[in-house]
Amino acid sequence: QILSGDPTFTANNLLGEKNVVFSAPVENTDWYVVGVVPYSQLNSPAVTLRATQIIVGVIVASVVSVLLSLFISSNVFRRLFRLKKHMMQIESGNLDETLSVGADDEIGDLVAGFNSMTGQLKQLISDISDTENQKRKAEFAALQAQINPHFLYNTLDSIVWMAEANPAGASDMAYMLASFFRLSLSRGDDIVP
């Protein structure tokens with residue numbers, strides 16, 4: 001079967017060893033060239049090449065994975081460090097700055113949530129400040145409403161007393177009281193120096 005026609009490759013066992021046998025006709029003759037190569041000789045370079053390729057592949061994959069993990073972790077840690085610095089600014093009372101969100105990932109969601117919380121905190125502080133100012137004004141107005149009748153009653157009582165004892169002093173006191181009310185009413189301010 002080997003000597004019939006085109007080059008042929010077959011595998012057989014000669015002397016207990018696996019071999020590859022190939023044949024090819026020699027042109028213009030009835031001759032054939034027959035070669036027998038032990039399978040172990042053919043396979044050995046392939047196994048060595050395959051092992052080398054696997055080792056090189058593992059090394060390249062390891063280097064690439066280490067570099068990729070360093071890149072990803074440095075990116076994550078850099079963004080987390082920026083968030084930490086921003087949190088320290090907020091802690092020191094600087095509520096005006098916001099941090100850019102960056103990527104649409106978990107850290108970006110964390111930064112967006114932190115910016116939202118900072119905005120709400122700033123709004124709450126502003127609301128509390130406004131409420132405290134309104135409360136202080138209301139307390140001042142309440143105190144002033146209590147003081148004005150008492151002050152007027154005492155001043156008029158003093159003018160009556162002075163009118164009996166010192167009429168000229170009573171006239172001066174009535175004039176000063178009129179000036180005081182004219183001054184406080186003319187400007188419309190709550191506090192008059």
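What counts, and where the lines are drawn
- Residues numbered from 1 in each chain as written.
- Predicted model: local features only at pLDDT ≥ 70, side-chain atom pairs only at ≥ 80, totals over all residues.
- Heavy atoms only, no water.
- Core = buried A, V, L, I, M, F, W, Y, C linked by side-chain atoms within 4.5 Å.
- Buried < 20%, exposed > 50% of the residue type's maximum accessible area, 1.4 Å probe, protein only.
- Helix = DSSP H or I, 4+ residues; strand = E, 2+ residues; numbered from the N terminus.
- Contact = heavy atoms within 4.5 Å.
- Pairing = 2+ DSSP bridges.
- Patch = residues over 30% accessible without salt bridge, like charges linked within 9 Å, V, L, I, M, F, W, Y side chains within 5 Å.
- Areas by Shrake-Rupley, 256 points an atom, 1.4 Å probe, with all protein chains shown as cover.
- Salt bridge = Lys/Arg side-chain N within 4 Å of Asp/Glu carboxyl O.

Q: Before we go on, may I ask you to explain the nonpolar core in this structure?
A: Taken as a class, soluble globular proteins show a tendency for nonpolar side chains to be buried jointly. Formed by Leu83, Ile90, Leu95, Leu99, Ile107, Val111 and Phe114, the largest nonpolar core amounts to seven residues. When residues in this core are grouped by element, the largest group, three residues, is from helix H2 (residues 106–165). Residues contacting Leu99, with those up to four places away along its chain left out, are Arg82, Leu83, His86, Val111 and Asn115.

Q: Is there a simple way to think about the pairing of strand S2 (residues 17–25) in this case?
A: Note that S2 and strand S3 (residues 32–38) share seven bridges and pair antiparallel. Residue pairing for S3: Ser23 is matched across the bridge by Val34. Linking two consecutive strands that pair antiparallel, namely S2 and S3, is a turn of six residues; a positive phi of about 60° is found at Asn28 within it.

Q: Help me understand a nonpolar patch on the surface, please; the structure alone is not making it clear to me.
A: On the surface, a cluster of nonpolar side chains totalling about 660 Å² of accessible area is made up of Leu68, Phe71, Ile72, Val76, Phe77, Leu80 and Leu110. Broken down by element, the residue count for the nonpolar patch peaks at six residues, all from helix H1 (residues 39–91). Looking at the secondary structure, you find Leu110 in helix H2.

Q: Which parts of the structure should I look at to understand the pattern of salt bridges?
A: One pass over the structure, following the stated rule, counts two salt bridges. Between Asp105 and Arg79 there is a salt bridge, and its shortest N-O distance comes to 2.8 Å. Taken together, the positions of Asp105 in the loop between H1 and H2 and Arg79 in helix H1 put the pair 26 residues apart, joining distant regions of the chain. Across the pair Asp96 and Lys122 runs a salt bridge whose closest N-O atoms are separated by 2.9 Å. Highlighted residues: Asp96 in the loop between H1 and H2 and Lys122 in helix H2, separated in sequence by 26 residues.

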